[in-house]
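The primary structure of each chain is shown beneath.
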Amino acid sequence: MPKLEDYLKIIGDDRFEITEIRAEEECIVTLDELKSIITKSSEIEAQPICNEEQKYCVCCILEGKVVAFDVRNRTKDVNFLDFYFNDEIHDYNDLMSLLQKEKVFPAGIIDGDYRKRFNVESDFVVASDLIYVNDNAYPYKIYKEKFSYFRYDYSFETFGACDNCLYIYFKDNTSVKMCIADYSK
């Protein structure tokens, strides 16, 4: 269930575009006023209005009056908002923490229909601005400045020795699936 903070984060998140703000009294509402309205709302909820374009209407009730705003998900991830509201969108630091575990190994990359399995001796090299798989045949790099977020793929097909698959999204709206073997559990 989304919290007020989740709705507030939408306003400052560059993965969302606010396309329209509406108020009952046809007054103009600025983004700062919208933040205040969200914070003070007695009720707030989001409903999809166009799944193809990833548009949602967020409706706030403040002192019996309705203020609504439409947001569009700028990512190409059609499940983004569902994962966003369930706190399942992870940042670069979360990825670093996951991949720095002693018993987490890369299994492969799925890029569209192309699958590349990593050498079993490969591991992750993690730095503050770069994560890479040290496979000599296929070194895969993730640069922090190009990274947008990652989330888990709960419906992946088994690929090599992996037991987890991550969707990794980049700021240029491209994505890959990274399969990992996590023996740290």
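Look up: the structure comes first, before these words.
Bear in mind that the values here come from a model prediction, so they are computed numbers and not experimental data.

Novice: Help me understand the sheet that holds strand E11 (residues 164–170), please; the structure alone is not making it clear to me.
Specialist: Think of a sheet as strands paired side by side through backbone hydrogen bonds, with each pair either parallel or antiparallel. Within the open sheet, the five strands sit side by side as E6-E5-E12-E11-E10. Their pairing is antiparallel. For this open sheet the edge positions go to strand E6 (114–117) and strand E10 (147–152), each flanked by a neighbour on one side alone. On average, each strand axis in the sheet is tilted by 25° relative to the strand beside it, whichever way the strands run. The pairing of strand E5 (residues 104–111) with E6 spans four bridges and is antiparallel. Bridging across to E6, Ile109 finds its partner in Lys116.

Novice: Please clarify how the packing of aromatic side chains should be interpreted in this entry.
Specialist: How two aromatic rings sit relative to each other is set out by the distance from centre to centre and by the angle between their planes. One pass over the full model with this rule turns up 13 aromatic pairs. Ring geometry for Phe105 versus Tyr183: centroids 6.2 Å apart, planes at 50°, classification tilted. Here Phe105 is found in strand E5, whereas its partner Tyr183 is found in the segment after strand E12 (175–182), with 78 residues between them in sequence. Its relative accessible area of 29% is what places Phe105 among the partly exposed residues.

Novice: Help me understand the nonpolar core in this model?
Specialist: Side chains of a nonpolar character, in soluble globular proteins, are inclined to be buried together. Tyr7, Ile38 and Tyr84 are the most contacted members of the largest nonpolar core, which has 26 residues in total. Elements with a contribution of two residues or more to this core: helix H1 (4–12), strand E1 (16–23), helix H2 (31–40), strand E2 (43–50), strand E3 (55–62), strand E4 (65–73), helix H3 (80–85) and E11. Ranked by the residues each element gives to this core, the list is headed by H3, at five residues. In contact with Tyr84, other than residues within four places in its own chain, are Asp6, Lys9, Ile10, Asp13, Arg15, Phe16 and Ile89. Membership of the second largest hydrophobic core comes to 21 residues, among which are Leu95, Met96, Ile142 and Val176.

Novice: Would you mind going over the environment of Leu4 with me for this structure?
Specialist: If you trace the backbone, Leu4 turns up in helix H1. Judged by its relative accessible area of 29%, Leu4 is partly exposed. Apart from the residues within four sequence positions on either side, Leu4 is in contact with Ile38, Thr39 and Ile44.

Novice: Can you walk me through the side chain of Asp135 in this structure?
Specialist: Position of Asp135 among the secondary structure elements: in the loop between strand E8 (130–133) and strand E9 (140–143). One buried charged residue, Asp135, remains without a salt bridge, the closest side chain of opposite sign being Lys116 at 5.3 Å. Here the side chain of Asp135 touches Ala137 through a polar contact of 2.8 Å, landing on its backbone nitrogen.

Basis of the calculations
One numbering rule holds for all chains: residues counted from 1, following each sequence as written. Totals for whole chains, interfaces and linings use every residue, but because this is a predicted model, local features are given only for residues with pLDDT of at least 70 and side-chain atom pairs only at 80 or more, for both listing and counting. Heavy atoms from the whole structure form the basis of all side-chain values; hydrogens and water molecules are not counted. By definition, two strands form a pair when at least two bridges between them are found by DSSP. Only DSSP runs of H or I with at least four residues qualify as helices, and only runs of E with at least two residues qualify as strands; both kinds are numbered from the N terminus onward. Lines fitted to C-alpha atoms define the axes, with helix axes restricted to the stretch in contact, and inter-axis angles between N-to-C directions lie between 0 and 180 degrees. The pairing test for Phe, Tyr and Trp rings, Trp by its six-membered ring, is centres within 6.5 Å, and the orientation test on the planes gives stacked under 30 degrees, edge-to-face over 60, and tilted for anything in between. Think of it in three bands: residues with accessible area under 20% of the maximum for their type are buried, residues over 50% are exposed, and the middle band is partly exposed, with areas taken using a 1.4 Å probe on protein chains only. Within this scheme, the nonpolar core is defined by two criteria: the residues are buried Ala, Val, Leu, Ile, Met, Phe, Trp, Tyr or Cys, and they are joined through side-chain atoms within 4.5 Å. Here, residues are in contact when the closest pair of their heavy atoms is within 4.5 Å. His is not counted, nor are the chain ends, whereas Lys and Arg count as positive and Asp and Glu as negative. Each salt bridge in this description consists of a side-chain nitrogen of Lys or Arg and a carboxyl oxygen of Asp or Glu lying within 4 Å of one another. Side-chain atoms alone can form a polar contact between residues adjacent in sequence; in general such a contact is a pair of N or O atoms within 3.5 Å, and within protein one must be able to donate a hydrogen while the other accepts it.

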